[in-house]
Amino acid sequence: MLKRLFMKMQPPQILASGFLIIIFIGTMLLSTPLASADGHSVPVIDALFTATSAVCLTGLTVVDTGTTYSVFGQLVIMLLIQIGGLGIMTMSTLFALVLKKRISLRERLILQEALNQNSMEGIVRLIRKIITYSLTIEFVAFIFLTLRWSIDFPFGEAAYLGMFHAISLFNNAGFDLFGGVSGRFSGLSLFAEDITVSVIAMALITLGGIGFIVMADLMDYKKRKKLLLHTKVVLFTSGILIAGGAMVIFTFEFTNPASLGSLNGGSKVLASFFHAVSPRSGGVSTLDVGSFRQATQFFLIILMFIGASPGSTGGGIKTTTFAILIGAMIAMIRGKEDIVMFRYRLAKDRIYKAITLVLFALVIVIIAAMVLSTTEAHQFLVILFEVTSAFGTVGLSMGLTPELTVIGKIIVSFLMFLGRLGPLTLAYALGPKKEKELFRYPEGKITIG
């Protein structure tokens with residue numbers, strides 16, 4: 001019966017179901033006394049929130065990870081992050097490849113949907129590269145972080161911290177274990193002026209956020225001597241957002257004694273770049289974003305809404321969608337019919353999809369912010385920040401998440417799930433099957449502007 005049900009389901013429905021099953025298992029494990037640091041069961045709603053945040057690679061937490069959960073609980077969270085990062089179908093394909101089983105056409109279709117690919121061509125080869133790149137990058141980061149933290153902690157503890165944070169940072173999950181060292185929900189504040197930890201964290205967040213397609217293309221550059229249009233757009237847009245974001249944060253926060261004002265010159269630049277990278281879906285911070293000026297906080301909301309790149313561990317509307325919108329605006333201003341990027345014309349369906357995704361995302365964020373404004377006693381900017389952080393699977397917080405009501409936790413959990421799966425994917429999963437139109441209506445005119 002389950003097999004028949006599986007065969008009737010569409011790829012988006014299978015993906016959504018897979019994530020829900022993993023979240024349910026994670027919730028059950030995290031709500032056991034074994035997962036708690038004090039031996040008392042964590043409330044189910046808090047365990048559900050944490051499991052959702054881990055699988056959806058967000059990092060928002062209602063309880064501090066380092067002080068609330070035992071080593072077992074932290075390992076469960078780390079495993080959920082890894083599964084969420086690689087993806088349900090990628091993990092399934094890994095086991096199939098290990099067991100030398102054939103990947104069916106249906107499974108390839110699901111992989112195509114999971115990785116947001118336009119075709120099934122080379123999909124299994126891409127999966128192999130994703131697994132190889134992910135584990136290699138995490139292992140290298142684990143070595144460097146362990147060596148750095150072995151200066152401050154016993155080697156065994158340093159290795160454990162290195163492993164957890166290498167996985168968390170590369171998968172843009174935003175979880176950290178330093179609550180017991182520098183205070184609950186303190187993030188990486190202990191390393192605000194530590195260039196080694198900051199650079200490694202930024203590198204991991206960036207590599208996880210540019211997407212596996214881009215990484216595979218860059219690795220193949222020596223053979224092909226050219227890059228895909230997708231890679232060029234992602235790298236260019238990401239570079240502009242990071243550099244421009246760092247300049248804006250540095251300018252707005254330079255004289256703020258509660259943030260950059262307390263750091264020396266070099267550390268100001270380092271922290272500015274860190275907080276331009278982190279909103280792209282990283283979710284960790286070295287400074288208290290709640291102490292930033294309102295202009296900076298609103299700018300971070302914009303960066304979180306844009307998010308990472310397609311086929312990555314990050315959320316948001318994605319860098320390519322943002323680039324298409326900017327391209328459309330420039331083309332309209334210049335009176336051009338086509339959007340041209342790097343001497344390539346974009347297909348109309350890409351433009352329609354980008355506009356649909358942005359409007360869909362805006363509606364979701366606005367409705368969620370309005371609802372939370374009635375259930376949570378906080379300023380609207382704080383609520384909007386938290387909502388965007390959840391939808392963009394970022395994990396940055398201005399302090400609202402630990403104080404959420406039960407209804408608030410449920411809403412934010414749904415936002416994280418929606419952000420990880422993608423609003424269009426969820427819409428396809430819940431919506432009716434696509435049917436071919438048998439006729440077209442006559443063209444009409446409407447005044448705009």
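Everything numeric in this text was worked out from a predicted model, so none of it was measured.

*Asks:* So what exactly am I meant to see when it comes to the overall build of the protein chain here?
*Replies:* Assigned secondary structure in the protein chain consists of 21 helices and two strands. Sequence-distant contacts in the protein chain: of pairs separated by 6 or more residues, those separated by 24 or more amount to 67%. When the accessible surface of the protein chain is split by element, carbon and sulfur atoms take 67% of a total near 21900 Å².

*Asks:* Hey, could you run me through a nonpolar patch on the surface in this one?
*Replies:* On the surface, a nonpolar cluster with roughly 650 Å² of combined accessible area is contributed by Ile21, Phe24, Ile25, Met28, Leu29, Leu34 and Phe72. If one sorts the elements of the nonpolar patch by residue count, helix H2 (residues 11–30) sits on top with five residues.

*Asks:* It is not clear to me how the confidence of the model for the protein chain should be interpreted in this structure. Could you clarify?
*Replies:* Close reading of the predicted structure is inappropriate where its pLDDT is low. On average, the protein chain scores 85 in pLDDT, and the residues at 70 or more come to 84%. The low-confidence segment residues 95–99, where pLDDT is below 50, has four contacts with residues more than four positions distant or belonging to other chains.

*Asks:* Looking at this structure, I do not really get helix H17 (residues 319–333). What am I missing?
*Replies:* Think of an α-helix as 3.6 residues a turn; residues three or four steps apart then line up on the same face. Counted at 1.5 Å a residue, the expected span for H17 with its 15 residues is 21 Å, and the 21 Å between its end C-alpha atoms agrees. Within the sequence span of H17, burial applies to Thr319, Thr320, Thr321, Ala323, Ile324, Gly327 and Ala331. Tucked into the core, H17 has its buried residues touching helix H14 (229–253), helix H16 (294–306), strand E1 (340–341) and helix H18 (348–375).

*Asks:* Looking at this structure, I do not really get the nonpolar core. What am I missing?
*Replies:* Nonpolar side chains tend to gather and get buried jointly when the protein is soluble and globular. Core analysis: the largest hydrophobic core is formed by 112 residues, its most contacted members being Leu30 and Trp149. Among all residues touching Trp149, those that are not within four sequence positions of it are Ala158, Leu161, Gly162, His165, Phe178, Phe191 and Val197. Ranked by size, the runner-up nonpolar core spans nine residues in total, among them Ala323, Ile339, Met341 and Ala354.

*Asks:* Would you explain helix H19 (residues 380–391) in this entry?
*Replies:* End to end, H19 covers 16 Å across twelve residues, agreeing with the expected 16 Å (1.5 Å per residue, within 8%). Counting buried residues along H19, eleven of its twelve residues qualify, which places the element largely inside the surrounding structure. Among all positions of H19, only Leu381, Val382, Ile383, Leu384, Phe385, Glu386, Val387, Thr388, Ser389, Ala390 and Phe391 are buried.

*Asks:* Would you mind showing me how to read the packing of aromatic side chains here?
*Replies:* The geometry of two aromatic rings is summed up by the distance between their centres and the angle between their planes. Inspection of every chain in the model, using the stated rule, returns eight aromatic pairs. Centroid distance Phe153 to Phe178: 6.2 Å. Interplanar angle 40°. Geometry classified as tilted. Here Phe153, found in the loop between helix H8 (123–149) and helix H9 (155–170), pairs with Phe178, found in the loop between H9 and helix H10 (179–182); they are 25 residues apart in sequence, far enough to count as distant. For the pair shown, Phe153 and Phe178 are each scored as buried. Measuring from ring centre to ring centre gives 5.1 Å for Phe178 and Phe191, while their planes differ by 70°; the resulting arrangement is edge-to-face.

*Asks:* Sorry if this is basic, but what is going on with unusual backbone geometry here?
*Replies:* Backbone geometry follows two general trends: most residues other than glycine have a negative phi, and most peptide bonds adopt the trans configuration. One non-glycine residue, Phe342, adopts positive backbone phi at about 50°. The exposure class assigned to Phe342 is partly exposed, which follows from its relative accessible area of 39%. Even without glycine at this site, Thr393 takes up a positive phi of about 45°. Here Thr393 lies in the loop between H19 and helix H20 (406–421).

*Asks:* Explanation requested: the side chain of Ser272 in the structure shown.
*Replies:* When you line up the elements, Ser272 lands in helix H15 (residues 265–277). Side-chain polar atoms of Ser272 contact the backbone oxygen of Lys268, separated by 2.7 Å. Those residues in contact with Ser272 that lie beyond four places of it in its chain are Ala246, Ile249, Phe250 and Leu260.

*Asks:* What's the story with the packing of helix H5 (residues 71–86) against H9 in this structure? I'm lost.
*Replies:* For any two helices packed against each other, the geometry is given by the interaxial angle and the distance between the axes. With their axes 9 Å apart at the nearest point, H5 and H9 run at an angle of 30° to one another. On the basis of their axis angle, the class for H5 and H9 is roughly parallel. Classified by chirality, the crossing of H9 by H5 is left-handed. Across from Val71, Gln74, Leu75, Ile77, Met78, Ile81 and Gln82 in H5, the residues of H9 making contact are Tyr160, Met163, Phe164, Ile167 and Ser168. Of the residues assigned to the contact of H5 with H9, the class counts are nine nonpolar, three polar and no charged.

Conventions we followed
Residues numbered from 1 in each chain as written. Predicted model: local features only at pLDDT ≥ 70, side-chain atom pairs only at ≥ 80, totals over all residues. Heavy atoms only, no water. Helix = DSSP H or I, 4+ residues; strand = E, 2+ residues; numbered from the N terminus. Contact = heavy atoms within 4.5 Å. Areas by Shrake-Rupley, 256 points an atom, 1.4 Å probe, with all protein chains shown as cover. Patch = residues over 30% accessible without salt bridge, like charges linked within 9 Å, V, L, I, M, F, W, Y side chains within 5 Å. Salt bridge = Lys/Arg side-chain N within 4 Å of Asp/Glu carboxyl O. pLDDT = per-residue confidence, 0-100. Expected span 1.5 Å × (residues − 1). Buried < 20%, exposed > 50% of the residue type's maximum accessible area, 1.4 Å probe, protein only. Core = buried A, V, L, I, M, F, W, Y, C linked by side-chain atoms within 4.5 Å. Phe/Tyr/Trp six-rings, centres within 6.5 Å; stacked < 30°, edge-to-face > 60°. Polar contact = N/O pair within 3.5 Å; in protein donor to acceptor, adjacent residues only side chain to side chain. Axes fitted to C-alpha atoms, helices over the stretch in contact; angles between N-to-C directions. Parallel < 35°, antiparallel > 145°, perpendicular 65-115°, else oblique. Left-handed = near helix turned anticlockwise from the far one by under 90°. Nonpolar A, V, L, I, M, F, W, Y, C, P; charged D, E, K, R; others polar.

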